[in-house]
Amino acid sequence: GAVVVAATAGIGWLVAAQSGQRGLGESMTGGGDVASRDDAAVLLTEARLLFSNGVLNDAFDRYTRVIEIQPDNAEARTYLAWLLVQGAMNTTEEQWDTARTTAADQLRDAMALDRSYADPWCFLSSIVDDDAEAADLARGCLDRNPPRMLLPLAESTGPAHPFSTESQEERR
């Protein structure tokens, strides 16, 4: 309960700070007031579309509302965690580590809610530091028939974060 609310608030701040689309508390584009809507299926559909089009603040709002309606929704928890990772990519190393740790915990929670759902396995495989764990998670992702867009994450496990040695070498 309280941990999800606190983590969600942190995700919202990071997404708003990094995306530049609108600030928290500012009105969103389209869809009416998300806080008053109760159809989780419609909100998830909208969130997926917004996420895929890079409208991250509005996707965040919808995933957050889904969690308010259905606290055990694995998809909403997964994509809120991944929004945190995305929002932390251009931050300090300390912020990245905090975001990655928080996201990893949330992805593990989503995995526990629905063991057959591939997405948290795929995302988690790309942010854990331990190569053996990343490989196990990637196999778990592939075993669960992930969406095509997530295959690159599972196929290229390892330190995908901006402060990894591998990432620093690629920038040179």
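Residues numbered from 1 in each chain as written. Predicted model: local features only at pLDDT ≥ 70, side-chain atom pairs only at ≥ 80, totals over all residues. Heavy atoms only, no water.

Visitor: What is the right way to look at helix H6 (residues 118-125) in this model?
Guide: Quick reminder: α-helices carry 3.6 residues per turn. Residues three or four places apart thus point the same way. Of all eight residues in H6, eight are buried, a share of seventy percent or more. Among the residues making up H6, those that are buried are Ala-118, Asp-119, Pro-120, Trp-121, Cys-122, Phe-123, Leu-124 and Ser-125. Residues of H6 that are buried sit in contact with helix H4 (74-87), helix H5 (93-113), helix H7 (131-143) and helix H8 (151-155). (Buried < 20%, exposed > 50% of the residue type's maximum accessible area, 1.4 Å probe, protein only. Helix = DSSP H or I, 4+ residues; strand = E, 2+ residues; numbered from the N terminus. Contact = heavy atoms within 4.5 Å.)

Visitor: Which parts of the structure should I look at to understand the state of the cysteines?
Guide: Linking two cysteines covalently through their sulfur atoms gives a disulfide. Following the criterion strictly, the structure yields one disulfide and no others. Between the sulfur atoms of Cys-122 and its disulfide mate Cys-141 the distance is 1.8 Å. Across the S-S bond linking Cys-122 and Cys-141, the dihedral sits near 65 degrees, which makes this disulfide right-handed. Here Cys-141 lies in helix H7 and Cys-122 lies in helix H6, a separation of 19 residues in the sequence. We note that Cys-122, like Cys-141, is buried. (Disulfide = S-S within 2.5 Å.)

Visitor: It is not clear to me how the confidence of the model for the chain should be interpreted in this structure. Could you clarify?
Guide: Low-pLDDT portions of the prediction should not be read for the details of their coordinates. In this model, the chain carries an average pLDDT of 81, and 72% of its residues clear a pLDDT of 70 or more. Contacts for the low-pLDDT stretch residues 13-31, under 50 throughout, to residues beyond four places or in other chains number 37 contacts. Under a pLDDT of 50 for its full length, residues 161-172 has, in the predicted model, 17 contacts with residues more than four places off or in other chains. (pLDDT = per-residue confidence, 0-100.)

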